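The lines below spell out each chain.
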Amino acid sequence: QVQLVESGGGLVQAGGSLRLSCAASGRTFSSYAMGWFRQAPGKEREFVAAISWSGGSTYYADSVKGRFTISRDNAKNTVYLQMNSLKPEDTAVYYCAATRIPFATHNLYEYEYWGQGTQVTVSS
């Protein structure tokens, strides 16, 4: 069982930056690949970024490639999402998720554990 708690969301102007964190409980965090997803009002949840269990490989949605960076610290049981050059269309609730699949995957149905989400609002 893995419990996930996101933090770091907030209100930022377009062009600004935010860093999201996701703290995981449990001693097997390093066995899970991790992902970030987001959901805007009235839209389906969509993939943002993922990282393999070792951190050796990452995978990004085209819409955030070059602006967002996913990373993890297995010693701290934490995964991060550094978001730069934010746009109003990045406004959403951001969720982190964990999967026992070892590689970075964009398929939300492969993720077993989800956090409660953190709101990110980008003003124009």
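Bear in mind that the values here come from a model prediction, so they are computed numbers and not experimental data.

Asker: Please give an account of the overall build of the chain that cites residues and values.
Answerer: For the chain, the count of helices and strands is zero helices and eleven strands. In the chain, the order of α-helices and β-strands from amino to carboxyl end is β-β-β-β-β-β-β-β-β-β-β. For the chain, the spread of C-alpha atoms along the three principal axes comes to 40 × 25 × 25 Å. Burial status across the chain gives 44% buried among its 124 residues. In the chain, 59% of the contacts between residues at least 6 apart in sequence involve partners at least 24 apart. Element-wise, carbon and sulfur atoms account for 48% of the exposed surface of the chain, whose accessible area totals about 6300 Å². For the chain, the separation between the mean place of its 11 positive charges and that of its 9 negative charges on side chains is 6 Å.

Asker: Could you give an account of the side chain of Thr118, naming the residues involved and the relevant values?
Answerer: Relative to the assigned elements, Thr118 resides in strand β11 (residues 118-123). Thr118 sits in the buried class, given a relative accessible area of 11%. Within the structure, the side chain of Thr118 is placed 3.2 Å from the backbone nitrogen of Gly9, a separation counted as a polar contact. Filtering out sequence-adjacent residues up to four positions away, Thr118 remains in contact with Glu6, Ser7, Gly8, Gly9, Leu20, Ala92, Val93 and Tyr94.

Asker: Describe the pairing of strand β8 (residues 78-83), naming the residues involved and giving the relevant values.
Answerer: Most of β8 is tucked away: five of the six residues are buried. Where strand β3 (residues 18-24) and β8 come together, six bridges link them in antiparallel fashion. When the sheet's bridge partners are listed, Arg19 is paired in β8 with Gln82. For strand β7 (residues 68-73) and β8, the ladder comprises six bridges, and the chain directions are antiparallel. Opposite Ile70, over in β8, you have Leu81 as the bridge partner.

Asker: Hey, could you go over the state of the cysteines for me, with residue numbers and the actual values?
Answerer: This structure, assessed with the given rule, holds one disulfide. Shown here is the disulfide that connects Cys22 with Cys96, its sulfur atoms set 1.9 Å apart. On the sign convention where negative means left-handed, the S-S torsion of about 45 degrees between Cys22 and Cys96 marks this disulfide as right-handed. You can see Cys22 sitting in strand β3 and its partner Cys96 sitting in strand β9 (residues 92-99), a full 74 residues away along the chain. By relative accessible area, which is 0% here, Cys96 ends up buried.

Asker: Which residues make up the sheet that holds β8, and what values go with them?
Answerer: The sheet built from four strands is open, its strands ordered β1-β3-β8-β7 with antiparallel pairing. Both edges of this open sheet fall to β1 (4-7) and β7, since each of them pairs with a single strand only. Averaged over neighbouring strand pairs, the angle between their axes works out to 15 degrees when direction is ignored. Taken together, the four bridges between β1 and β3 define a ladder with antiparallel strand orientation. What sits directly across from Val5, in β3, is Ala23.

Cut-offs and rules
- Residue indices begin from 1 for each chain and proceed along its sequence in written order.
- Since the coordinates come from a predicted model, pLDDT governs what is reported: local features require at least 70, and pairs of side-chain atoms require 80 or more to be given and counted, while whole-chain, interface and lining totals use all residues.
- Values shown for side chains rest on all heavy atoms present in the structure; no hydrogens or waters enter the calculation.
- A helix here means a DSSP run of H or I that spans at least four residues, while a strand means a run of E at least two residues long, and both kinds are numbered starting from the N terminus.
- Burial classification: accessible surface area is computed with a 1.4 Å probe over protein chains only, and a residue below 20% of its type maximum counts as buried, one above 50% as exposed, and the rest as partly exposed.
- The contact criterion used is simple: two residues touch if any of their non-hydrogen atoms lie within 4.5 Å.
- Computed by Shrake-Rupley with a 1.4 Å probe, the accessible areas treat only the displayed protein chains as cover when residues are assessed.
- This count recognises Lys and Arg as positive and Asp and Glu as negative, with His and chain-terminal groups excluded.
- The atom standing in for a charge is NZ when the residue is Lys, CZ when it is Arg, CG when it is Asp and CD when it is Glu.
- The definition of a polar contact used here is a pair of N or O atoms within 3.5 Å, where within protein one atom must be able to donate a hydrogen and the other to accept one, and adjacent residues in sequence count solely through side-chain atom pairs.
- In this description, strands pair whenever DSSP reports at least two bridges between them.
- Disulfides are defined in this document as cysteine sulfur pairs within 2.5 Å.
- As a rule, the C-alpha atoms of each element are fitted with a line to give its axis, helices using only the stretch in contact, and angles between N-to-C directions run from 0 to 180 degrees.

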